[in-house]
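Geometric and topological summary
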Amino acid sequence: MIIAAAQLPSVPGDIAGNATRMARLITEAAERGAGLVVFSELALSHYDLRPIADDPAKAAVLPDDPRLAPIREVCRATGVAAVVNCPGGSSEDGARPTIASFVYGPDGALLTRYDKRHLTETESAVFAPGSAHGRFTLGGIRFALATCFDSSFPEVAERAVADGCRVYLSSAFHGDAERVARYGELAREHELHVLLANGTGVGSPGPAAGLSGCWLPSGEPVASAGPGGDGAELVLSDVRDAITLMADPAVAAVPVRECGEPLVDVRTAAPELMAGRLRTGADGVFAQLREGVLRRLLAAQEALPDGWRIRVVEGYRPPALQRHYFTGYADRLRADHPDWDEARIHRAASRYVSPPEIAPHSAGGAVDLTLVTTDGEEVDMGTPVDASPEESGGACYTSAPDVTPAARAHRRILAAALRGAGLVNYPTEWWHWSYGDRYWAVETGAEHALYGPVEPGAEPATDETEGTEVVEGSEGTAKVAGKEGAGGSKGKEDGEGAAGMGGGAGGTGSVGAER
């Protein structure tokens, strides 16, 4: 995923106008391949505390405020999420406002709200502090939210790491370059990707420094905006290497409470999903899915705009075949990289082939699919289903920036319908979607998975399975499976970093021109 820091010169007090300006920047960021845009502290109102103190009820906004409609609508139209920092209102009468970050998802709905926990003395006279930690998951990445002074407290970043966050987002109004430079130290000390959206112009504390930027977990700067001025700037960074992969211990740790839902054959239960040839195998097992997955696919198809259909390519995959995929891919890596130890082989193989012990396909909870026209005609999706990162130059990643505008639009149409129906995407593969499996549980925050692995011809047995302890380098057990990437033929892994990603995952940054 590409993330962007938006450095915007806000107009003091002009909430509606600033929201419109933000919407324009979100559109520009989407055109440049970004999946998330972060704005500076109090960007919606500008960092001017006097009018907020004089009339807090007028200055404070709620997430559904009509003046924020342009932001919600552009998120929905572009499929881009946004972090909007503003004077946050409360539903309680007489409550003081907070310095709030509203996180709007790619569907325009509120993902979460974070209220700044650490206030300066001046801010404490106007705002109430928050109490909860800011966290959200998007595109398989766990994000931490902070606002300006929060980042002065080491425990904020420490807690973010402990909570499994890999990217740290700060909205701020810092006044000097030295304070901005500390974010590189924070990135290095805590091994986090860090993005800072800093303010510009003159606010209550004095002039802001601008210099919004991004840093790698090594502390190396990726890109930086200028010191500010009359124009807006975008600073972009690729954080695809922060994606939670199937091999992550957090996925294996999810317990399974098998619900006993049967596998059903898509060919007879929902022929309307089959606009073309389905990969079925000799015994037709690939045509099977859990009932709950199928219901959600049908709901997604109903939600598609006129003229579009979902084509199912592959569903269930037997555990033995899953183990075969994983073992074969690991063997190729061993041959190509004889200097790698087993732990590294396991991690590398797991980027695009799921370890057998947590496989969504073998649970009947995952489906590979694509978008076609009503007549069954295939359209540009950027890559074929099952394209490897090496074959596609990283374009197989769902949020890959280097696909055509048409492919990006088609992926957005498909994703909006599937997410709305309750499925989640595996971010290294635009075609792989699932429900009820362990990865779905991690992405949605569910306490347990609904589906465990099923052997061919067997009925799922209702039971409870604790999280799996994964021993890196092992092949897993015979009871579970998953080739996640979803595809059949996988290209070779050139290294542990996500190969073939153009500028390199987590590495390349660029700065937009002022306008």
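Comments concerning the overall build of the chain
The helix and strand tally for the chain stands at 15 helices and 23 strands. With 515 residues in all, the chain has 57% of them scored as buried. The long-range fraction of contacts in the chain, counting pairs at least 24 apart against all pairs at least 6 apart in sequence, stands at 74%. Carbon and sulfur atoms provide 50% of the accessible area of the chain, an area that totals close to 19,300 Å².

A closer look at the side chain of Ser-151
With respect to the element layout, Ser-151 can be found in the loop between β7 (141–147) and α6 (154–162). You can call Ser-151 buried: its relative accessible area is 12%. Sequence-distant contacts of Ser-151, defined by excluding residues within four places in its chain, comprise Ala-146, Tyr-168, Ser-170, Arg-179, Tyr-183 and Leu-186.

Brief notes about the sheet that holds strand β20 (residues 424–425)
Each strand in a sheet pairs with another by means of backbone hydrogen bonds, the pair being arranged parallel or else antiparallel. Spatial ordering of the open sheet is given by β18-β19-β21-β20, a layout of four strands whose pairing is antiparallel. Single-partner strands in this sheet number two, and they are β18 (308–314) and β20. As paired elements, β20 and strand β21 (residues 432–434) share two bridges and run antiparallel to each other. Residue pairing in the sheet places Val-424 in a bridge with Ser-434 of β21. Packing against the sheet, helix α10 (residues 291–303) makes contact with β18 and β19 (366–373), and its axis sits at approximately 150° to β18. Packed onto the sheet, helix α14 (residues 405–420) meets β18, β19 and β21 and runs at close to 130° relative to β19.

Considerations on the packing of helix α1 (residues 15–31) against helix α4 (residues 69–78)
Between α1 and α4, the shortest axis-to-axis distance is 8 Å and the interhelical angle comes to 15°. Viewed along their axes, α1 and α4 adopt a mutual orientation that is roughly parallel. Helix-helix and strand crossings are classified by hand; for α1 and α4 the assignment is right-handed. The segment α1 lies against α4, with Ala-19, Thr-20, Met-22, Ala-23, Ile-26, Thr-27 and Ala-30 engaging Pro-70, Ile-71, Val-74, Cys-75 and Thr-78. The class makeup of the residues in the contact of α1 with α4 is nine nonpolar, three polar and no charged.

Points about the nonpolar core
In a soluble, globular protein the nonpolar side chains are often hidden away together inside. Counting 85 residues, the largest nonpolar core has Ile-3, Leu-36, Phe-136, Phe-143, Leu-169, Leu-297 and Leu-418 as its most contacted members. The residues contacting Ile-3, other than those within four sequence positions of it, are Leu-36, Phe-143, Val-167, Leu-169, Leu-195, Val-235, Leu-236, Ser-237 and Val-239. With 32 residues, the next largest nonpolar core counts Met-22, Ala-23, Ala-29 and Cys-75 among its residues.

Focus on the sheet that holds strand β6 (residues 134–138)
Here we have six strands laid out as an open sheet, ordered β6-β7-β8-β9-β12-β13, and mixed in their pairing. At either end of the open sheet lies a strand with only one pairing partner, and these are β6 and β13 (221–224). Strand-to-strand twist of the sheet, defined as the mean angle between neighbouring strand axes without regard to direction, takes the value 15°. In terms of strand pairing, strand β9 (residues 193–198) meets strand β12 (residues 213–215) through three bridges, oriented antiparallel. Counterpart to Leu-195 in the pairing with β12 is Cys-214. Contacts from helix α7 (residues 177–190) reach β8 (167–172), β9 and β12 within the one sheet, and its direction differs from that of β9 by about 165°.

A word on the pairing of strand β1 (residues 2–7)
For β1, the buried fraction is high: six of the six residues fall into the buried class. Across the two faces of β1 the burial is the same, with Ile-2, Ala-4 and Ala-6 and Ile-3, Ala-5 and Gln-7 all buried. Here β1 runs beside strand β14 (residues 233–238); their pairing, made up of six bridges, is antiparallel. Its bridge partner lying in β14, Ala-5 is registered against Val-235. As paired elements, β1 and strand β2 (residues 34–39) share five bridges and run parallel to each other. Bridged to Ile-3 within β2 is Leu-36. For the handedness criterion, the β-α-β arrangement of β1, α1 and β2 is classed as right-handed.

Things to note about the pattern of salt bridges
Any two side chains of opposite charge can pair if their charged atoms end up close together. Enumeration according to the criterion identifies 18 salt bridges in this entry. Measuring nitrogen to oxygen at the nearest pair gives 3.2 Å for the salt bridge that ties Asp-163 to Arg-159. For Asp-163, a relative accessible area of 28% gives the class partly exposed. Arg-311 serves as the salt-bridge partner of Glu-378, at 2.9 Å between the closest nitrogen and oxygen. Taken as a pair, Glu-378 in the loop between β19 and α13 (389–392) and Arg-311 in strand β18 lie far apart in primary sequence, 67 residues in all. We classify Glu-378 as exposed; its relative accessible area is 58%. The structure contains a network of salt bridges with shared partners spanning Glu-41, Lys-116 and Glu-123.

Thresholds applied
Residues numbered from 1 in each chain as written. Predicted model: local features only at pLDDT ≥ 70, side-chain atom pairs only at ≥ 80, totals over all residues. Heavy atoms only, no water. Helix = DSSP H or I, 4+ residues; strand = E, 2+ residues; numbered from the N terminus. Buried < 20%, exposed > 50% of the residue type's maximum accessible area, 1.4 Å probe, protein only. Contact = heavy atoms within 4.5 Å. Areas by Shrake-Rupley, 256 points an atom, 1.4 Å probe, with all protein chains shown as cover. Pairing = 2+ DSSP bridges. Axes fitted to C-alpha atoms, helices over the stretch in contact; angles between N-to-C directions. Parallel < 35°, antiparallel > 145°, perpendicular 65-115°, else oblique. Left-handed = near helix turned anticlockwise from the far one by under 90°. Nonpolar A, V, L, I, M, F, W, Y, C, P; charged D, E, K, R; others polar. Core = buried A, V, L, I, M, F, W, Y, C linked by side-chain atoms within 4.5 Å. Right-handed = clockwise from strand over helix to strand, strands pointing away. Salt bridge = Lys/Arg side-chain N within 4 Å of Asp/Glu carboxyl O.

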